Amino acid sequence: MIDLSKLLSLKMRTAVWIIDIEHSTIPWCNKAAEILLEDSLTEIESGNRAIGGSLKKRLLTHLERYDEGSPLAFKWHFIAKDGTHYNCHGSVVSLSDGRKGLAVEAHPVIDQALPVVTHLDDPLLGEEGIFKRFKTLPFAIFDSEGNSVSCSERFVSLFGDITNLRGIFEASSAANSFVERLAKQESLSQEIRLLTLDGVRWHRIEAFSDQISAYTYLLVDDIQEARDHEVALFKLHNYDNLTSLPNRNLLYQQLEKALINAKKRNRQFGLLYLDLDGFKVINDTFGHRVGDELIQRVAERVKGSIPTRSCLYRLGGDEFVVVLENVESIEELEDIAKAIMSNAISTYPVAKMEMMITSSIGIACYPQHANDIDSLLKNADAAMYQAKSMGHNMYFVYENRMAENINAHLTLGGGLRKAIDEEEFELYYQPKIRLSDETTVGAEALIRWFHPELGMISPDNFIPLAEESGLILPLGEWVIRRACRQLQEWRELGYPPICVSVNLSGRQFMQTNLVDMVKQVLDETGVDPKYLELELTESMLMADGQQTIVKLHNFRKLGLTLSIDDFGTGYSSLAYLKKFPIQALKIDRSFIKDLGVNCDDNAIVKASIVMAHSLNLKVVAEGVEKRSQVDILKEYKCDEIQGYYFAKPMSSQDFLGYMDSHTMFYE
Ligand SMILES: Nc1nc2c(ncn2[C@@H]2O[C@@H]3COP(=O)(O)O[C@H]4[C@@H](O)[C@H](n5cnc6c(=O)[nH]c(N)nc65)O[C@@H]4COP(=O)(O)O[C@H]3[C@H]2O)c(=O)[nH]1
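Residues numbered from 1 in each chain as written. Predicted model: local features only at pLDDT ≥ 70, side-chain atom pairs only at ≥ 80, totals over all residues. Heavy atoms only, no water.

Quick look at the environment of Arg181
Part 1 of the reasoning: Tracing the sequence through the fold places Arg181 in helix 7 (residues 175–184).
Part 2 of the reasoning: Sequence-distant contacts of Arg181, that is, excluding residues within four places in its chain, are made with Leu188 and Gln190. (Helix = DSSP H or I, 4+ residues; strand = E, 2+ residues; numbered from the N terminus. Contact = heavy atoms within 4.5 Å.)

Observations concerning the side chain of Glu334
Part 1 of the reasoning: Within the secondary structure, Glu334 is located in helix 12 (residues 330–343).
Part 2 of the reasoning: The buried charged residue Glu334 lacks any salt bridge, with Lys338 as its nearest oppositely charged partner at 5.0 Å. (Buried < 20%, exposed > 50% of the residue type's maximum accessible area, 1.4 Å probe, protein only. Lys, Arg positive; Asp, Glu negative; His and termini not counted. Salt bridge = Lys/Arg side-chain N within 4 Å of Asp/Glu carboxyl O.)

A short note on the site of the ligand
Part 1 of the reasoning: Surveying the vicinity of the ligand reveals 22 residues, the closest of which are Arg448, Asp565, Arg589, Glu625 and Tyr644.
Part 2 of the reasoning: Measuring from an oxygen atom of the ligand, one finds a side-chain N or O atom of Asp565 at 2.8 Å.
Part 3 of the reasoning: For the ligand, an oxygen atom lies 3.2 Å from a polar atom in the side chain of Asp566.
Part 4 of the reasoning: Isolated, the ligand exposes 790 Å² of accessible area, and the fraction of that covered by the protein chains is 86%.
Part 5 of the reasoning: Mapped by element, the contributors of at least two residues to the shell around the ligand are strand 19 (439–451), helix 15 (459–469) and strand 23 (561–567).
Part 6 of the reasoning: The biggest single contributor to the shell around the ligand is strand 19, with 4 residues.
Part 7 of the reasoning: Classifying every residue of the shell around the ligand by side-chain character gives 9 nonpolar, 5 polar and 8 charged. (Near = heavy atom within 4 Å. Polar contact = N/O pair within 3.5 Å; in protein donor to acceptor, adjacent residues only side chain to side chain. Areas by Shrake-Rupley, 256 points an atom, 1.4 Å probe, with all protein chains shown as cover. Nonpolar A, V, L, I, M, F, W, Y, C, P; charged D, E, K, R; others polar.)

So, the sheet that holds strand 6 (residues 139–142)
Part 1 of the reasoning: On the basis of which strands lie adjacent, the open sheet formed by 5 strands has the order 7-6-10-9-8 and antiparallel pairing. In the strand order of this sheet, the two ends are held by strand 7 (148–151) and strand 8 (187–196), each with one partner. In this sheet, neighbouring strand axes are inclined to one another by 25° on average, regardless of whether the strands run parallel or antiparallel.
Part 2 of the reasoning: The pairing of strand 6 with strand 7 spans 3 bridges and is antiparallel. Bridge assignment links Ile141 to a residue of strand 7, and that residue is Ser150.
Part 3 of the reasoning: Contacting strand 8, strand 9 (199–209) and strand 10 (216–222), helix 7 crosses the sheet at an angle of about 160° to strand 8.
Part 4 of the reasoning: Across the face of the sheet, helix 8 (residues 224–238) comes into contact with strand 8, strand 9 and strand 10 while running at roughly 120° to strand 9. (Pairing = 2+ DSSP bridges. Axes fitted to C-alpha atoms, helices over the stretch in contact; angles between N-to-C directions.)

In structure tokens, the structure reads:
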């Protein structure tokens, strides 16, 4: 017959030991405990391991109160030398001389693969009374028919009154295979889901069959916590916390598999690289909480837009990847991009606002565009950049030339700092015309970068880079100073002053000392503040309500004019703008483009003008290219217009010529 105490010593993964509290010794421990208590092994062997004074006192009080065999009603924490945490619980046992001791069980909080030992002499525990002593350990004996012979109290408390071995296997219907395997071998160790009174939980079973008695000895160890921990760890490593989408790790794993499959079966697979348009500005302006919520909504919508056989991953930030295996043609990937784009058109309700956000998408396919995973991702990224540089909500399929563009983009970023130092920038000026008499009343200053190799670079290409790198702050300051100096130069040349507007970027607007900086430039250049106008965007105003209002009032106190640029493309309504001390709004050129062609645009422009006037705001229409648009805007009583129909942005030198040849309005 198998010695059950030996079995407990040898095979139980849970560390178990007995404490003689009175004598401060540990008269018995199993191998797992021996490893756990390694630091005091010598003392354990010599029976001299001391028990800390306070624990001793606490335990002794409990011993007095509890009967032999009773589990203590409390657990305590034990930190092993290697830093692993254990939950300990114990039950009162009788020691060989009849005194009371404590049997302790330590369950790792994180799974610990404690090695199984091959030998141990157990000097103290005989088989007799073992069920009584180790009430807290779950073990049981079954006969050759699987009928229960004896169970520890812990076993019964876990599994109920089990009459037959098969009863605990109900959750996995593995009873037959387990019994069959055990018939063929002496011992068996298996991780399996067992049906307990608390539901189905993962356990490790150590089973032994005694050939002579035909008894089966079963030790079970609840490893659910460890399994949960593993699952949590897996999720942490492989899934994105915010969206619950698989992350970069799983993306690489799927791509590796897809590549092997595609090579073996001569198939294609492709990916779409998505980057949200202008997400950074939203994040900077509205804060990360709003940004995070928007990312969640976008992830849900994109997921709902793609075929079920494709998979969506979040790479981090505002970047996502869709992978589709067994692609028949590139059009399949393009169709996915089109579906994502068309679904992006409706707004996202986020933080009590209606937000709009689109994405730029790059497509690359194996084997046409790359033969390995990294190049495929890189090329899809390059195609995405191409889409971004062409505008918003666009997709591009990779072509070789795109790799060169992305290099240019990187070089641009690097060259910006140098460009600021070496003054490679210039301000261009576009006239603003008063509609009632078509006289020029002001100008908008627009920055240009004259790159020594790449020639003139449009602000749409480098302002986002400057924003990303923070260089927008010195650059923005340069623009304001340059515009003010220009006003002074024109005055010195004898031209009466006109009003010049400059654009502020989101990050620049958040600059804490912005008002002071503008004031200093005005003082330094001697420009009358009424000739300087700042163009803000709707999203800037949404940022931090109170601080924004304070900043705007401070600008007003300085005497500047404030206007809202690109009106209609953001998130605010005219009613909302009423809160802010602004004097003008500029209707975005996307509404002007189809004036007279698209009835909706006509209605929007007309209504915006009427409402703006009712709020005492001046209205400027930008992007006016045709006489017909001028006439419609005149009919709608728009105040000022700006656009190629009258003049394109021009250098300061050319603007002098313009002023000489056009009717200018001066106060
Ligand atoms: N198709 C068409 N376009 C027209 C017409 N009339 C004007 N435009 C263009 O529309 C843009 C108007 O400027 P924005 O909306 O403030 O948009 C500006 C502004 O947001 C930004 N930007 C320009 N200069 C600065 C600057 O100094 N600081 C900051 N932060 N942003 C700037 O870059 C954007 C693009 O500037 P630009 O390329 O100069 O493009 C300018 C202008 O050249 C027209 O009739 N038809």
